[in-house]
Amino acid sequence: MEQTLVILKPSCVERALIGEVINRIQKRGIIISAMKMMMLNMDILKEHYAHLVDKPFFPGLCESMMASPVVCMVLKGVDVVSVFRTMVGATNGRKAAPGTLRGDFCMSGQANIIHASDSPENALIEIARFFKPEEVFDYTPSSLSFLYADDEITNQ
């Protein structure tokens, strides 16, 4: 099954939305295979946001990402990258559709509560950046047969 990295940003943590986000993940049927709280530092942010380092907003982005701990998760499921990005909504919370996490819980483009990998390939790179292999659990929940038809999980 596909995996994706999710970071519940300081704007999520400080607003006490962690439980709400996790609740939606689990209600959707997405498997949480790793989760931890951590403080980010400039080194990991420069690596994670390497494509943004030269942008004028990069210092502010780093400051906001280091404002409090974050919660990092590895999610697992069939097509989980695209499924979860749909759940997250548009980057700018003001433009995100109602019913999405950002559409329901934020009004900002930067304080947008959550990061989600944008492709299966980047997800693997990002997971390795934030988690050691032994921190990610490859287990099959007993509810799996109630989440997918047999052919959906055997064709993975």
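Our subject in this report is the structure included herewith. What you see as residue numbers is a count from 1 along each chain, following the sequence as written. Since the coordinates come from a predicted model, pLDDT governs what is reported: local features require at least 70, and pairs of side-chain atoms require 80 or more to be given and counted, while whole-chain, interface and lining totals use all residues. Side-chain figures throughout are based on the complete set of non-hydrogen atoms in the structure, without hydrogens or water.

This part takes up the pairing of strand β1 (residues 2-8). Only protein chains enter the accessibility calculation, which uses a 1.4 Å probe; a residue is then buried when its area is under 20% of its type maximum, exposed when over 50%, and partly exposed in between. Strands here mean DSSP runs of E at least two residues long; helices mean DSSP runs of H or I at least four residues long; both are numbered from the N terminus. Most of β1 sits inside the fold, with 5 of its 7 residues counted as buried. Alignment of β1 against strand β3 (residues 70-77), held across 7 bridges, turns out to be antiparallel. Each residue of the ladder has a partner; that of L5, found in β3, is V74. Pairing between two strands requires that DSSP report at least two bridges joining them. Note that β1 and strand β4 (residues 114-116) share 3 bridges and pair antiparallel. The residue of β4 that forms the bridge with L8 is I114.

Turning our eyes to something else, we now look at the nonpolar core. In terms of nonpolar packing, the biggest core is built from 23 residues, with M73, L75, F84 and I114 touching the most fellow members. When residues of this core are traced back to their parent elements, those giving at least two are β1, α1 (10-13), α2 (18-28), β3, α5 (80-88), α6 (101-105) and β4. Ignoring sequence-local partners within four residues, the contact set of F84 consists of V6, I25, I30, L75, L101, I114 and A116. Definition of nonpolar core: a set of buried residues of the types Ala, Val, Leu, Ile, Met, Phe, Trp, Tyr and Cys, connected through side-chain atoms within 4.5 Å. Formed by 20 residues, the second largest nonpolar core is a distinct cluster that contains L40, L52, M65 and F130. Should any heavy atoms of two residues lie within 4.5 Å, those residues are counted as being in contact.

A few words on the packing of aromatic side chains. In this scheme Phe, Tyr and Trp rings, the latter by its six-membered ring, pair at centre separations within 6.5 Å, and the angle between planes marks the pair as stacked below 30 degrees, edge-to-face above 60, and tilted otherwise. By the definition in use, this model includes 0 aromatic pairs. Whether a charge lies above a ring is judged from NZ of Lys or CZ of Arg, which has to be within 6 Å of the ring centre and within 35 degrees of the ring normal. Here the guanidinium or amino end of K36 rests over the ring plane of F131, the centre of that ring lying 4.9 Å away. Over the ring of Y139 we find K76; its NZ or CZ atom is 5.8 Å from the centre of that ring.

On the basis of which strands lie adjacent, the open sheet formed by 4 strands has the order β2-β3-β1-β4 and antiparallel pairing. The open sheet has two edge strands, β2 (31-38) and β4, and neither has a second partner. Direction aside, the axes of adjacent strands within the sheet are offset by 15 degrees on average. Packing of helix α7 (residues 120-130) onto the sheet brings it into contact with β1, β2, β3 and β4, and relative to β1 it is tilted by some 55 degrees. Here an angle of 0 to 180 degrees is reported between the N-to-C directions of two axes, which are lines fitted to C-alpha atoms, with helices fitted over the stretch in contact.

V80, V81, F84, M87 and V88 are the residues of α5 that are buried. All buried residues of α5 project into a common sector of 130 degrees when viewed along the axis, lining one side. Its buried side turned inward, α5 meets β1, α2, β3, α6, β4 and α7. The positive-phi residue at the C-terminal boundary of α5 is G89, with phi of around 95 degrees. This arc is built from the directions going out from the helix axis to the C-beta atoms.

Here the focus is the pairing of β3. Within β3, 8 of the 8 residues are buried, leaving the element largely enclosed by the surrounding structure. Both faces of β3 are covered, namely the face carrying V70, C72, V74 and K76 and the face carrying V71, M73, L75 and G77. As paired strands, β2 and β3 are joined by 7 bridges and run antiparallel to one another. By the bridge assignment, M35 is partnered in β3 with M73.

Glancing now at the pattern of salt bridges. Salt bridges are defined as contacts in which a side-chain nitrogen from Lys or Arg sits within 4 Å of a carboxyl oxygen from Asp or Glu. Following the criterion strictly, the structure yields 4 salt bridges and no others. In this structure, K36 engages E135 in a salt bridge whose closest nitrogen and oxygen atoms are separated by 3.0 Å. Here E135 lies in the loop between α7 and α8 (144-147) and K36 lies in strand β2, a separation of 99 residues in the sequence. Where K76 meets D138, a salt bridge forms, and the shortest distance between an N and an O atom there is 2.9 Å. With a gap of 62 residues between them, K76 in strand β3 and D138 in the loop between α7 and α8 connect regions that are remote in the sequence. Its relative accessible area of 73% is what places D138 among the exposed residues.

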